[in-house]
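# What the coordinates show
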Amino acid sequence: MKHLLIALAIATLGLSTAPAMAQSATPAQNDTLYQALGAKLGLQALMEVFVAGLKADPRIGVQFKDTKSSYLQEQLVDQFCVVSGGPCKYQGADMKSAHAGMEINKAQFNALVEVLQVAMDARNIPFATQNQLLARLAPMHRDVITAK
C-alpha cells in the first residue's frame, strides 16, 4: 500500500531541481505540518540528508554538481518551511523561472522525488506526514517538467 501511495505522489509531485519552489505552491493556512516536520531544526536536518542524496544520485547528481550544498539547503529549508505553514520567507525565484530552459524530464523529476522519500524515511518522518508534504508540493510539477 505504501508503494502505491508513493507512486501516486511521485506521479503528481512537483519538486525543484534548482533552488526555487515555494512561490508556485500555496502557503499553508496553519503550521501543523511544519511542526510535524520538526519545525526549522527538523527541516534543516531533512534538507541536509536530501541535498546529500541529490548530489550522490547517479540519475540527477550532475544537475547539482556546481551548486553549493549549504546554499541549496538554506533555500530548500525556506521553501519547505513556507509550503508546510512555517514562519519563513522565501526570497528565491519562482518555479517556472528557475526551471526555464533546464529541460527537466519526468524521469529526472521522479528521481528527485524518490531521493526526497529516502531522506524523509532516513529522518523517520511518519508516512502520513510525508504524504501531506507531497500533496502540498504536487501543484509545482507543471512548472518543473519542461521536457517530454
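Relevant structure appears above.
Presented here is a report on the structure given in the accompanying data block. Here the structure is a predicted model, which is why all the values come from computation and not from measurement.

The subject of this paragraph is unusual backbone geometry. Within the chain, Glu 103 stands out as a residue other than glycine whose phi angle is a positive 55°. Mapped onto the secondary structure, Glu 103 falls in the loop between helix 5 (95-99) and helix 6 (106-122). Its relative accessible area of 49% is what places Glu 103 among the partly exposed residues.

The final tally for this structure, using the stated rule, is five salt bridges. In this structure, Lys 65 and Asp 66 form a salt bridge, with 3.2 Å as the shortest nitrogen-oxygen distance. Taken individually, Lys 65 and Asp 66 each receive the classification exposed, so the pair is uniform in this respect. Across the pair Asp 143 and Lys 96 runs a salt bridge, and its minimum N-O distance is 3.9 Å. With a gap of 47 residues between them, Asp 143 in helix 8 (residues 141-144) and Lys 96 in helix 5 connect regions that are remote in the sequence. Among the residues examined, Lys 96 registers a relative accessible area of 55% and is labelled exposed. Connected through shared salt-bridge partners, Asp 57, Arg 59 and Glu 114 make up one network.

Criteria and thresholds
- Residues numbered from 1 in each chain as written.
- Predicted model: local features only at pLDDT ≥ 70, side-chain atom pairs only at ≥ 80, totals over all residues.
- Heavy atoms only, no water.
- Helix = DSSP H or I, 4+ residues; strand = E, 2+ residues; numbered from the N terminus.
- Buried < 20%, exposed > 50% of the residue type's maximum accessible area, 1.4 Å probe, protein only.
- Salt bridge = Lys/Arg side-chain N within 4 Å of Asp/Glu carboxyl O.

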